[in-house]
Amino acid sequence: MPPPADIVKVAIEWPGAFPKLMEIDQKKPLSAIIKEVCEGWSLGNHENFALQIADATNFYITEKNRNDIKNGSILRLTTSPYQTAVQLHERIQSSSMDAKLESLKDLANASRDITFAQEFINLDGISLLTQMVESGTERYQKLQKIMKPCFGDLLSFTLTAFVELMDHGIVSWDTFSVAFIKKIASYVNKSAMDTAVLQRSLAILESMVLNSQDLYHKVAQEITIGQLIPHLQGTDQDIQTYTIAVINALFLKAPEEKRQEMAHILAQKQLRSIILSNVIRSPTPINDEMAHQLYVLQVLTFNLLEDRMMTKMDPQDQAQRDIIFELRRIAFDVESEPNNSGSIEKRKSMYTRDYKKLGFINHVNPAVDFTQIPPGMLALDNMLYFARHHQDAYIRIVLENSSREDKHECPFGRSSIELTKMLCEILKVGELPSENCHDFHPMFFTHDRSFEEFFCICIQLLNKTWKEMRATSEDFNKVMQVVREQIMRALTLKPNSLDQFKSRLQNLSYTEILKIRQSERMNQEDFQSRPILELREKIQPEIMELIKQQRLNRLCDGTCFRKISSRRRQDKFWYCRLSPNHKVLHYGDLEESPQGEVPHDSLQDKLPVADIKAVITGKDCPHMKEKGALKQNKLADT
């Protein structure tokens, strides 16, 4: 018969005695249980005793956590939290170096328990520790040369106890003096400092900055980025992690007007390249805490874009309008026309034509396109960066789309605006970092303008996907959904560089995305169930026949094509359609693009379907081979 739910069978230890096996009744007061245990070993003053979990934590059993005791647990009878706190409070003030060191070590270990921490703090223990840091340790610095290990351990355990006590959130961080802050900062600023002391000092500074705006200003006066950088150039990942944590804290708490200034300082100090070389590309694997701090730094860096993302363009601002003029100049290789170059109406017409080719929604005044927030002016910044730093690709995309049929052109301006908005959503620009996220991307640490480069790669991807999908303006949102999926899938692979990211995208063509989607759907449990498989088998012939009929109907409707001359001009057209009996292809030249279907009798040329031996596509087409041969001849002539 199982024991009652309120009865827990445990073993209880006491130094120098055999453990006792006991049944603890969880309905009885904890003090009554402790009294019973003490009486079993003939110990008086049971109120001076307590029970602990006999493991590495040594946590005290209290009325709040007693239900965590499980059958088979091993407990330990020990002195009460209050008695332990009184004893350690007295022992850490010992004049004996060895006694002080041992007691500080015990204090650092005991302070992890909140029950003990509360008792020690009630004895004004925090003030005692800060006094020891401010002045008490100075007495031992004279011994540092002859007892360096001992001094380092003494200070390390003092700071460890302080950190553990403060982590419970019982005492406000605003209570500490400038002298204490200066002392902690001095340990960080020293070129050679005990590793444990440095680690605890960095942890204290991070907590000060994060928990008090007043302390942020005081810490910022004592610590500079230049003093933190050397700690990143070592090989100790814990030190590197705490250093980046302090930088993140300073970044996060900095007033908005100072964040851009701080970002400029970080760029000057080459923080990104130092982290890339000494942390990300270090032979030491990155642990979860380091990954979190790198993620936080990544988020805070991208959040600097929020101001531009939420800034509308002022259509009346000439400096902002000049950026649009610059985009036009680079794309079409035109200089600013003087005011007397033709009539005002002629110039307006010319601008409108070019802005349409650039893919803006508002052809007359494209500045209006950038009044949508997000992405606001950030989209225009990206477009200008692409035009200046990847000029050949920019010109190719603009000219390529401006020479297509209107319904198949990929609008560069509209695409850039929507893509910028999408990238901001993917990278969560403007959102605070998550406390438990480790999702940093190494590739964003490989370039000083990583967001802009990210955009440049993705806008070329968008143009490529648009062509692969043979999209029209009606398909714009569908294309954007596919591009988002391509980007997200490539990011999931955590590429180490922007080039690697670009390479991964090359392997995620529209066709490949369709295959992945199909595979994922087929692998879902619902799709593998017997009813679904039977239904699929039953309706598949009907579906295939429907697809066949739709394709034949499209061939019968016909399509108009541009006729390309040897000089690559596209000013003429030709039309082709299948006869209703599906036996003949009718085709012929047209002077202009038709508004509807072209009758069969107006198409003079015919090709019997029975005479078709093969269908050639892509690079194997004769006109493509002729184009290649012409290029070779031109190269040979030069």
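Analysis parameters
Residues numbered from 1 in each chain as written. Predicted model: local features only at pLDDT ≥ 70, side-chain atom pairs only at ≥ 80, totals over all residues. Heavy atoms only, no water. Helix = DSSP H or I, 4+ residues; strand = E, 2+ residues; numbered from the N terminus. Rg over C-alpha atoms; globule rule 2.2 N^0.38 Å. Buried < 20%, exposed > 50% of the residue type's maximum accessible area, 1.4 Å probe, protein only. Contact = heavy atoms within 4.5 Å. Areas by Shrake-Rupley, 256 points an atom, 1.4 Å probe, with all protein chains shown as cover. Lys, Arg positive; Asp, Glu negative; His and termini not counted. Charge placed at Lys NZ, Arg CZ, Asp CG, Glu CD. Pairing = 2+ DSSP bridges. Axes fitted to C-alpha atoms, helices over the stretch in contact; angles between N-to-C directions. Arc of directions from axis to C-beta. pLDDT = per-residue confidence, 0-100. Phe/Tyr/Trp six-rings, centres within 6.5 Å; stacked < 30°, edge-to-face > 60°. Lys NZ or Arg CZ within 6 Å of the ring centre and 35° of its normal. Core = buried A, V, L, I, M, F, W, Y, C linked by side-chain atoms within 4.5 Å.

**Quick look at the overall build of the chain**
Part 1 of the argument: A tally of regular secondary structure across the chain gives 28 helices and eight strands.
Part 2 of the argument: Rg of the C-alpha trace for the chain: 37 Å, well past the compact-globule value of 26 Å for 638 residues, more than 25% over.
Part 3 of the argument: Along the three orthogonal principal directions, the C-alpha set of the chain runs to about 115 × 75 × 45 Å.
Part 4 of the argument: Taken across its 638 residues, the chain has 42% of its residues classed as buried.
Part 5 of the argument: Within the chain, contacts between residues separated by at least 24 positions form 65% of all contacts whose residues are at least 6 apart in sequence.
Part 6 of the argument: Total accessible area computed for the chain in this model is approximately 35900 Å², and 50% of it derives from carbon and sulfur atoms.
Part 7 of the argument: Computed over 80 positive and 85 negative side-chain charges, the inter-centroid distance for the chain is 6 Å.

**Notes on the sheet that holds strand β3 (residues 49-53)**
Part 1 of the argument: Spatial strand order, β2-β1-β4-β3: four strands in an open sheet with mixed pairing. Every other strand in the sheet has two partners, leaving β2 (20-25) and β3 as the edge strands with one partner each. Each adjacent strand pair in this sheet contributes to an overall mean axis angle of 40°, direction not counted.
Part 2 of the argument: With six bridges joining them, strand β1 (residues 7-13) and β2 adopt antiparallel strand pairing. Residue pairing in the sheet places Ala11 in a bridge with Leu21 of β2.

**Details of the environment of Val584**
Part 1 of the argument: Among the secondary structure elements, Val584 is positioned in strand β7 (residues 584-590).
Part 2 of the argument: Distance from Val584 to Ser111, taken between C-alpha atoms, is 91 Å for residues 473 residues apart in sequence.
Part 3 of the argument: The contacts of Val584, once residues within four sequence positions are left out, are Arg577, Leu578, Ser579, Lys606, Leu607, Pro608 and Val609.

**Observations concerning helix α2 (residues 81-91)**
Part 1 of the argument: All of the buried residues along α2 are Pro81, Thr84, Ala85, Leu88 and His89. Each buried residue of α2 lies within a common arc of 130° when the element is viewed along its axis, so the set occupies one face.

**As for the environment of Phe501**
Part 1 of the argument: Counting through the fold element by element, Phe501 comes out in helix α24 (residues 498-506).
Part 2 of the argument: When the C-alpha positions of Phe501 and Ala203 are compared, they lie 35 Å apart, and in sequence the two are 298 residues distant.
Part 3 of the argument: If we skip the residues at most four places from it in the chain, Phe501 touches Met443, Phe454, Ile457, Cys458, Ile487, Ala490, Leu491 and Pro495.

**Section: the confidence of the model for the chain**
Part 1 of the argument: The predicted model of the chain averages 89 in pLDDT, with 91% of residues at 70 or higher.
Part 2 of the argument: Throughout residues 143-148 the model reports pLDDT below 50, and contacts reaching past four residues in sequence, or to other chains, amount to four contacts.

**What to know about the packing of aromatic side chains**
Part 1 of the argument: Scanning the entire structure with this criterion turns up 22 aromatic pairs.
Part 2 of the argument: The interplanar angle of 85° and the centroid separation of 6.0 Å between the aromatic rings of Phe386 and Tyr394 together place this pair among those described as edge-to-face.
Part 3 of the argument: Through a chain of ring-to-ring contacts, the aromatic side chains of Phe302, Phe444, Phe451, Phe454 and Phe501 assemble into a single cluster.
Part 4 of the argument: Above the plane of the ring of Trp41 lies Lys20, whose end atom (NZ or CZ) is 5.3 Å from the centre.

**A word on the sheet that holds strand β5 (residues 559-563)**
Part 1 of the argument: Reading across from one edge, β5-β6-β7-β8 is the order of the four strands in this open sheet, with antiparallel pairing throughout. Lying at the two open borders of the sheet, with one neighbouring strand each, are β5 and β8 (605-608). Taking the axes of each pair of neighbouring strands and ignoring which way they run, one obtains an average angle of 25° across the sheet.
Part 2 of the argument: Sheet analysis places strand β6 (residues 572-578) next to β7, joined by six bridges and oriented antiparallel. Within the sheet, the bridge partner assigned to Phe573 lies in β7 and is Leu590.

**Observations regarding the nonpolar core**
Part 1 of the argument: One finds Leu107, Leu129, Phe162, Ile204, Met208, Ile275 and Leu294 to be the most contacted residues of the largest nonpolar core, which totals 81 residues.
Part 2 of the argument: Apart from residues lying up to four places away in sequence, Leu107 is in contact with Leu88, Ile92, Phe116, Phe120, Leu129 and Ala161.
Part 3 of the argument: Counting residues in each nonpolar core, the second largest holds 67 residues, with Ile323, Leu380, Phe386 and Cys456 among its members.

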